[in-house]
Amino acid sequence: MQNTTAPKISFVSLGCPKALVDSERIITRLRAEGYELARKHDGADVVIVNTCGFLDSAKQESLGAIGEAMAENGKVIVTGCMGAEPEQIEQAYPNVLSITGPQQYESVLDAVHRAVPPLHNPHLDLIPPQGVRLTPRHYAYLKISEGCNNRCTFCIIPKLRGDLVSRPAADVLREAEKLVEAGVKELLVISQDTSAYGIDLKYAASQWKDREVRAKFFDLSRELGELGVWVRLQYVYPYPHVDEVIGLMTEGKILPYLDIPFQHASPAVLKQMRRPAAQDKTLARIKTWREQCPDLALRSTFIVGFPGETESDFAYLLDWLDEAEIDRVGCFKYEPVAGATSNAIDNPVPEEVKTERWNALMARQQKISARRLKRKVGTRQQVIIDEVGPTVSKGRSKADAPQIDGAVYVSSRRPLKVGEIVTAKIERADQYDLHGTVAGF
Ligand code: SF4
């Protein structure tokens, strides 16, 4: 007799937003074929683990997740960044069903089909045209390219994901429009190097509606800005053409927000890191951007304890932070990643020094962040609601990306809805968050 119960997949998605987009694509395909998602490994027909291989600690977390899935279920398919170098997984878990690298959607689907064939039921084949997203309905990540042409010495992503491959502009815009039609209020543009978008395509134009749109950072940003939702740019390197999009921010077309992973400020360390677009004029450019667009919020990440980083390099970084006044900062202690060329750089920094520097940087940044947030007290800010509470709801201003930045806690006379954008009067600020009252809907 034919089995009529939909096969169930348990899915673990680890790693960065880019990996999350891969997970969403796999799940969308599986749902289209009639598979269902299980809440637990136990009782699922098969488990898929989308791994992260960026740092050794992420690899350990991925191995842990595979181990859990093996213990609780036993039928496990592994994909994602760590799958690009399968030896470690094979050694620890020789019985996993299959291992594939990032973006190998077809191989993952084949492995699922082998483990548990799909159920052919036309009613189950229905899938919303915008696909299945793992992020809440009101915001979505929009991946514009895969891979990276840079060769930062601490990073193995180009080895894992290859060189830059951009999607044609019309393709990205079609997806963005579908997301907006499905109710998304905020699009987060992501890739490994967002401002390098289109280089591989030689900026070729593609037909979008009645016009041709070039696969170029500015052109794509401008078109996305026409969709009437919040558009947030992440993972941007400060190439000269970034200056152009500040104009779109000033006009209110895209959010006044730039996530630029500077990683360091000292020219000597940046050189050793081989960072793209690292140049000594960055502070002057930040100043000009802020003059043009006073609401601009900058987010960045930094690595402390990179091999060869001296006390004076670190002091330079702290001074630079004071001047740059970056609104939101993430900081990591350098970790040697297997396969990264930075492992061969002389003078590794001892662990206790890394920790000291990490603490010092975080303390300095806390002051900067508190100072920047305090300036917002008394202003009115638009806030997108992420979670509703009985008296206070949690949202984000235009300066806050989901999951990584701070929050705005707002009280309201009438109940709010998730995804709603309200105007709030800011009454109080602490080190990371703002607090206020809804003053307009
Ligand atoms: S820009 Fe550098 S850190 Fe980012 S993915 Fe490319 S090589 Fe890695």
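This next bit is on the domain arrangement of the protein chain. Domain boundaries assigned for the protein chain yield domain 1 (8-115), domain 2 (139-374) and domain 3 (380-440). In this structure, domain 1 and domain 3 have C-alpha centres spaced 35 Å apart.

Three or four residues apart is the spacing at which side chains of an α-helix point the same way, because the helix has 3.6 residues per turn. Between its first and last C-alpha atoms helix α6 (residues 169-181) spans 18 Å; for 13 residues at 1.5 Å apiece the expected length is 18 Å, and the two agree. Among the residues of α6, Ala169, Val172, Leu173, Ala176 and Leu179 are the ones counted as buried. Along α6, the residues classed as buried sweep out an arc of 120 degrees about the axis, all on the same side. Of the residues trailing α6, glycine 183 is marked for its positive phi of about 110 degrees.

A separate point is the sheet that holds strand β2 (residues 36-37). A sheet is described by the order of its strands in space; here five strands give the open sequence β2-β1-β3-β4-β5, paired in parallel fashion. Of all strands in the sheet, those with a lone pairing partner are β2 and β5 (98-99), marking the two edges. Note: strand β4 (residues 76-80) against β5, two bridges, orientation parallel. Bridge pairing in β5 places valine 78 opposite isoleucine 99. Contacting β1 (8-13), β3 (46-51) and β4, helix α2 (residues 56-72) runs over the sheet at an angle of about 175 degrees to β3. Its contacts with the sheet put helix α4 (residues 105-115) on β1, β3, β4 and β5, and the angle it makes with β4 is roughly 175 degrees.

A word on the pairing of β3. The element β3 is extensively covered by neighbouring structure, given that six of its six residues are classed as buried. Where β1 and β3 come together, five bridges link them in parallel fashion. Residue pairing in the sheet places phenylalanine 11 in a bridge with isoleucine 48 of β3. Note: β3 against β4, five bridges, orientation parallel. Looking at the pairing, valine 49 lines up with valine 78 of β4. Handedness of the crossover is the feature at issue here: the chain leaves β3, passes through α2, returns alongside β4, and the resulting connection is right-handed.

Packing of helix α11 (residues 311-324) against helix α12 (residues 351-374) leaves a shortest axis separation of 10 Å and a crossing angle of 10 degrees. When the axes of α11 and α12 are compared, the pair comes out roughly parallel. Packed against α11, whose contacting residues are Phe314, Leu318, Leu321 and Asp322, the element α12 presents Arg357, Ala360, Leu361, Arg364, Gln365 and Ile368 at the interface. The residue makeup of the contact of α11 with α12, split by class, is six nonpolar, one polar and three charged.

The next thing to look at is the site of the ligand. Taken together, the residues surrounding the ligand are Cys148, Asn150, Arg151, Cys152, Cys155, Ile157, Pro158, Gln192, Asp193 and Pro276. Residue composition of the shell around the ligand, by class: six nonpolar, two polar and two charged.

Moving on, we come to the nonpolar core. In terms of nonpolar packing, the biggest core is built from 110 residues, with Ile48, Leu142, Leu187 and Val189 touching the most fellow members. The residues touching isoleucine 48, leaving out its near neighbours within four places in the chain, are Ile9, Phe11, Ile26, Ile77, Thr79 and Val108.

Sheet architecture is closed into a barrel: five strands sit in the order β16-β17-β18-β20-β19, paired in mixed fashion. On average, each strand axis in the sheet is tilted by 55 degrees relative to the strand beside it, whichever way the strands run. Both strand β17 (residues 392-396) and strand β18 (residues 408-411) contribute to a ladder of four bridges, which runs antiparallel. Among the inter-strand pairings, valine 392 is bridged to a residue of β18, identified as serine 411.

Further remarks concern the packing of α6 against helix α7 (residues 217-224). Put simply, α6 and α7 touch, their axes get as near as 11 Å, and they point 25 degrees apart. In this view, α6 runs roughly parallel relative to α7, as classed from their interaxial angle. In this structure, the crossing between α6 and α7 has a hand that is right-handed. Of the residues in α7, those touching α6 at Ala169, Val172, Leu173 and Ala176 are Asp219, Leu220, Glu223 and Leu224. Of the residues belonging to the contact of α6 with α7, the class tally is six nonpolar, no polar and two charged.

Conventions and cut-offs
- Per chain, the residues get numbers from 1 upward, laid out in the order the sequence is written.
- Totals for whole chains, interfaces and linings use every residue, but because this is a predicted model, local features are given only for residues with pLDDT of at least 70 and side-chain atom pairs only at 80 or more, for both listing and counting.
- Where a domain begins and ends is set by an automatic assignment or by a domain database.
- Strands are runs of DSSP state E lasting at least two residues, helices are runs of H or I lasting at least four, and both sets are numbered from the N terminus onward.
- To estimate the expected span of a helix, count its residues, drop one, and scale the result by 1.5 Å.
- Working definition of burial: number of other C-beta atoms within 10 Å of the residue's own, with buried at 20 or more, exposed at 12 or fewer, and partly exposed in between, all C-beta atoms being placed from the backbone.
- Working definition: the arc comes from the directions between the helix axis and the C-beta atoms, pointing outward to the latter.
- Think of it this way: DSSP has to see at least two bridges between two strands before they count as a pair.
- We call two residues in contact whenever the C-beta atoms placed from their backbones are within 7 Å.
- In this analysis, axes come from line fits to C-alpha atoms, helices being fitted only over the stretch in contact, and the angle between any two N-to-C directions falls in the range 0 to 180 degrees.
- Orient the strands so they point away from the viewer; a crossover is then right-handed if the path from the first strand over the helix to the second runs clockwise.
- Angles are sorted into four bins: roughly parallel if under 35 degrees, roughly antiparallel if over 145, roughly perpendicular if 65 to 115, and oblique for all others.
- For this classification, the nonpolar set comprises Ala, Val, Leu, Ile, Met, Phe, Trp, Tyr, Cys and Pro, the charged set comprises Asp, Glu, Lys and Arg, and every other residue, Gly included, is treated as polar.
- In this analysis a residue is considered near a molecule or strand if the C-beta atom, reconstructed from its backbone, is found within 6 Å of that molecule or strand.
- Remark: nonpolar core denotes a set of buried Ala, Val, Leu, Ile, Met, Phe, Trp, Tyr and Cys residues whose joining runs through C-beta atoms within 7 Å.
- Crossing handedness is read from the near helix: turned anticlockwise from the far helix by less than a right angle, it gives a left-handed crossing, and turned clockwise, a right-handed one.

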